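# Structure assessment
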Amino acid sequence: MSGRLIFKPYYVQKGTGPHLFDFVMTIDEKGDAFHSDIKVTTRGIEISDNEGRDKFSISVRWNVEGYGYLFMPADGGGEFYALPSAGEKVLNLNFELAKTRIARNRSRADRFSRQHWIMGTEIRHLLDLSEELFNEAVMNKSNPDKCAEYSQASLKYSITVSEMIEVDKARFDITNNSARKDFLFGCDTRGYFQMESNELFLERFSEIFNYATITHYLKGDFIDFEPEEGNKRFKERDRLLEELRKKGITVEGRPLFWTHTWVTPEWLEKKSYTELLKYVEKHVSEVVKHYGDEIKVWEVVNEMHDWANQVQLNHEQTIELTKLACDAARDANPRIKLLINNCCPFADYVQLGKWHEIDAKYPQRTPHQFTEQIIEAGVDFDIIGVQVYFVNRTLTEAVQSVERYENMGKKVQLAEVGAPSRGITQEFTELDEDFSTKPYEWHRHWDEELQADWLESIFTYGYSKPFIEAANWYDFVDPYGFLKSGGLLRSPRGEKKAAYQRLSDLRKKWGV
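Attention here is on the structure that accompanies the text. It should be emphasised that the depicted structure is a prediction, and the values quoted were computed from it without experimental measurement.

### So, the environment of Ala498
Note on placement: Ala498 falls in helix 14 (residues 498-510). Residues Ala498 and Val300, spaced 198 residues apart in sequence, show a C-alpha to C-alpha distance of 33 Å. Residues in contact with Ala498, not counting those within four places in the same chain, are Glu448, Glu449 and Ala452.

The following block contains the structure:
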């Protein structure tokens, strides 16, 4: 029987809060979330059962005034944590968060310096300042309150400069590499049906994008693709495809199989597993053959890693179905590229034990673990799709989560990138919602320029990495996007937001 580990928070922030979110996570040494009994109590963050892991880190949403209210890691400065053999061990949460960020900054800066990156004056100053404040925290460890104050001050600068390091290194690589004429700048194209005219959509879209996604959601799409079994609606999509190809835009189709509750019709949900396999094989073959070589990339399955699982498949079934779908697509057209798309890069659902809103019946995997498993199983696909929405994580954690896929032997697309342009919540911010009294998430409350900052940072990172071949923004026009204020255009009338102009400027700067 192990003891209990407690991370005690010291609320040194001056704002009204909240300063600590009541959902916390445990992460293994490889970087994958796993389920544990970790929870927030009146004493702090407590864990006594880590379900067999010897070492682990934690992820907590913590308010750093002057930076934001985001999930951030604590891992003992890279040494990770272990449960005491008996009794209780209490750690200063503020100190552990600062210690972790300081160690990670040192590691990244050293690594990038070996790649000939030269640290700028501002970055050096902020690094030094964060180190000085952390050293003060170390010297005051016997005084927990004072230690927490210095730790919090250190964290403000260390977490800010960690993002600056990542973006500056990406810009350094772009400057020292050749222009990537084949890089794909993409976006979803449902705006074709949503804007005031098709011509306006095509004008706005083709100005900044050379890659387009046409969606095929069985239901829940702007025009449902197969609301009744066997009634596939190709006509509208054929017209859109023709217009995009006239503009010389490369087209991706998505998805051939996705069973989130939003898009799963009742007739599909009722099928047995055997019936489901038969449908998938026939459906994939029919759809891929219909488009021939006009659609160059197909997203074969979407979010199969134990999150979007309305048909309640177990691990073996998800792998078997994924393999079947990829084989059917390859047989239908061996010239196209096949993509497997993943969401939820930090796998919060593993701790929650949820398939979106329903209780998971089987142990869950992270997107990274699922991708490793399908590669090991010999699934025939070409591209790993990674989503980089703003999900209450730091920019640093967002780009480093993508980096985990670099050595898997596949190309990577940033399949969906997104951030809101108002408020503090993602998907369902209401126009009259008052968020002024709540802590901001990232740097300040969201506005159009901050949305543009997220776009610039993620697209810059993607463009700088040879293993990443595309970056796709989601979605194009408000208020129809997944994120209600996440579009690049303010309305169907086509008014451009700052993020639209920012991407246009980036492409010109990079010579593409």
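What follows continues from the structure just given.
### Here's the deal with the pairing of strand 7 (residues 68-74)
For strand 7, the buried fraction is high: 7 of the 7 residues fall into the buried class. Summarising the sheet, strand 6 (residues 57-64) and strand 7 pair through 7 bridges and their orientation is antiparallel. Bridging across to strand 7, Val64 finds its partner in Gly68. Hairpin geometry of strand 6 and strand 7 is characterised by an intervening segment of 3 residues between the two adjacent antiparallel strands and by a positive phi of about 95° at Gly66.

### Some details on the pairing of strand 17 (residues 411-418)
The element strand 17 is extensively covered by neighbouring structure, given that 7 of its 8 residues are classed as buried. Inspection of the sheet shows strand 16 (residues 383-389) paired to strand 17 by 7 bridges, in the parallel sense. Its bridge partner being in strand 17, Ile384 is matched across the sheet by Val412. In this fold, the crossover linking strand 16 to strand 17 by way of helix 12 (residues 395-403) has right-handed handedness. For strand 17 and strand 18 (residues 468-473), the ladder comprises 4 bridges, and the chain directions are parallel. The residue bridging Val417 from the neighbouring strand is Trp473, located in strand 18.

Cut-offs and rules
Residues numbered from 1 in each chain as written. Predicted model: local features only at pLDDT ≥ 70, side-chain atom pairs only at ≥ 80, totals over all residues. Heavy atoms only, no water. Helix = DSSP H or I, 4+ residues; strand = E, 2+ residues; numbered from the N terminus. Contact = heavy atoms within 4.5 Å. Buried < 20%, exposed > 50% of the residue type's maximum accessible area, 1.4 Å probe, protein only. Pairing = 2+ DSSP bridges. Right-handed = clockwise from strand over helix to strand, strands pointing away.

In short, the description is geometric, and any link to function would need to be established separately.
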